[in-house]
Amino acid sequence: MNEEIKETGSSTHRSILIVGGGIAGITAAVEAAESGYEVFIVEKEASLGGRVAQLSKYFPKLCPPYCGLEINFQRMRGNRRIHVYTLAEVENISGVPGDFDVTIKQNPRYVNDRCTGCNKCVEVCPVDRPNTFNFGMDTTKAIYLSHAMAFPRKYAIDDSVCQLTDCGKCVGACPYGAIDLSMETRTFPLKVGAVIMATGWKPFDAARIDNLGFGRYSDVITNVMMERLAAPDGPTGGRVVRMSDGEPVNTAVFVQCAGQRDTNYLGYCSGICCLGSLKQATYIREANENAKVFIFYIDLRTPGTYGFFSKRVLDDPNITAVKGKVAKVVEDPGAGKLVVEAEHILSAEKVSVEADLVVLATGMVASMSDGRPNATIGYDADAFVLPDESSPGIFPAGCARGPVDVATATQDATAAAMKAMQTIHQARG
């Protein structure tokens, strides 16, 4: 796996650009590279892995995400056909199948390939920043490693907070000469034969939902924050506790469809949030054998073959699924707890539950809603890529097409890689 390469692909008709380095992009990359194609991954973050790297566990087996990611990282490490550009984005795509011209902008990392991950730079850095990988629940230094299993394993400097040459303490502390504060943004061309859009998703902004208390009460968190809270390398070292005081969670409430299936926010269902909350209910129960969990839902959806997982979780007598719409989340100052008020649809009664922790099942938003490359690519009203309305030779994969689970994203990425290779083969005649 190479991070620094020539600025023009050496095998134009046998090369594939992959936009996004999450599970779909990584899967497509290894499939294509091991089939003999040159692959260029462009990832906007400092490391690969995407949203999967932020999970504590997959469903339904409840194993950690690096069961899958690390296998693919190992396949990438020794493959010279795979070239990675991190902190980069695609600005322009033009051309025809077999001969696309691409413009890439890469922001400076300020750390070169001599980095060994020794941590000496972090020890002297005087500046803290919110840890975006942990959704701001803790901090890192201005020079940081994305997470414990980051790939590539190289530090990066956040130049939005770092003083760079006005400080330079990290330069003096690095024994390997790995820090280069003179690095600048660069723009360069690539020629490729096909393009795979694996741009993934981002969490819906729960602060937009006024009645559910996110941002007002520290013990109201989102489903993606819950993953980091339960993760061994998360902000609490895997301890599932109240964010306000670090105390154990005795009662937790999950609010389904938080901002979803609602024309004021997201009009669609993300498909996997119910499964995600069922999985996260097991986190609560593992952390505290006496804890009680309530899941308020409109429809409890477990698509595909996951019905058995739902049954297994709900067989736990301490996990209760309530068909009802949550009206609001408030705080009882006297009890020091949150109060979830909802309508129980089946009994037509109003109910309230005191909770130590409230988890909002927010939806999956297309990453392309933040900005798109200059290219002939079709999008739906929610900024997901439409395969049939994009240029020939450009293929969406995984959550770029719409919300899907990890297994579906990998299958979809394999299919996209096959289509890209077939397109190049046909273009070569």
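In this report, the structure presented in the accompanying data block is examined.

Quick notes on the rules
Residues numbered from 1 in each chain as written. Predicted model: local features only at pLDDT ≥ 70, side-chain atom pairs only at ≥ 80, totals over all residues. Heavy atoms only, no water. 1 Å grid on protein atoms, 1.4 Å probe; cavity = no way out; pocket = protein on both sides within 12 Å on 5 of 7 lines; lining within 4 Å. Points joined across faces, edges and corners; volume = space filled by probe spheres on them. Nonpolar A, V, L, I, M, F, W, Y, C, P; charged D, E, K, R; others polar. Pairing = 2+ DSSP bridges. Helix = DSSP H or I, 4+ residues; strand = E, 2+ residues; numbered from the N terminus. Axes fitted to C-alpha atoms, helices over the stretch in contact; angles between N-to-C directions. Contact = heavy atoms within 4.5 Å. Buried < 20%, exposed > 50% of the residue type's maximum accessible area, 1.4 Å probe, protein only. Polar contact = N/O pair within 3.5 Å; in protein donor to acceptor, adjacent residues only side chain to side chain.

Inspection of every chain in the model, using the stated rule, returns three cavities of 30 Å³ or more. One number sums up the size of the largest cavity: a volume of about 90 Å³. Taken together, 14 residues line the largest cavity, and the ones lying closest to its centre are C115, C121, Y155, C174 and A178. Tallied by class, residues from the lining of the largest cavity come to 10 nonpolar, three polar and one charged. The volume enclosed by the second largest cavity comes to roughly 80 Å³. Lining the second largest cavity we find C125, P126, V127, A142, I143, I157, C162, L164, C167, G168, K169 and C170. Here the residues of the lining of the second largest cavity are counted per class, giving 10 nonpolar, one polar and one charged.

On to the sheet that holds strand β23 (residues 394-396). Here five strands make up an open sheet; going across it, the order is β3-β2-β1-β11-β23 and the pairing parallel. The strands lining the two open edges of the sheet, one partner per strand, are β3 (82-85) and β23. When strand polarity is set aside, the average angle formed by the axes of neighbouring strands in this sheet is 20°. Direction of pairing for strand β1 (residues 15-19) relative to strand β11 (residues 194-197): parallel, over a ladder of four bridges. From the neighbouring strand, L17 faces β11, where its bridge partner is V195.

A few words now on the environment of M226. Within the secondary structure, M226 is located in helix α5 (residues 223-230). Distance in space between the C-alpha atoms of M226 and K311 is 22 Å, their sequence separation being 85 residues. In this view, M226 contacts I221, V240, Q280, Y283, I284, L357 and V359; residues no more than four positions away in its chain are not counted.

Tracing the sequence through the fold places D219 in the loop between β12 (201-203) and β13 (220-222). Given the relative accessible area of 7%, D219 is considered buried. A distance of 2.8 Å separates the side chain of D219 from the backbone nitrogen of M243, its partner in a polar contact. In contact with D219, other than residues within four places in its own chain, are R242, M243, S244, L338, D356, L357 and V358.

Further remarks concern the environment of T86. As for its placement among the helices and strands, T86 is situated in the loop between β3 and β4 (88-96). Within the local environment of T86, its side chain forms a polar contact with the side chain of R109, the two groups lying 2.8 Å apart.

Another point: unusual backbone geometry. Residue P60 is bonded to the preceding F59 through a cis peptide linkage, with omega at 5°. In the Ramachandran plot, L62 falls in the positive-phi region, its phi being about 60° despite a non-glycine side chain. Residue position: L62 is located in the loop between β2 (38-42) and α2 (66-77). Phi angles above zero are rare outside glycine, and R261 is one such case at about 55°. Considering the arrangement of structural elements, one finds R261 in the loop between β14 (251-255) and α6 (273-287). Residue classification places R261 among the partly exposed residues on the basis of a relative accessible area of 31%.

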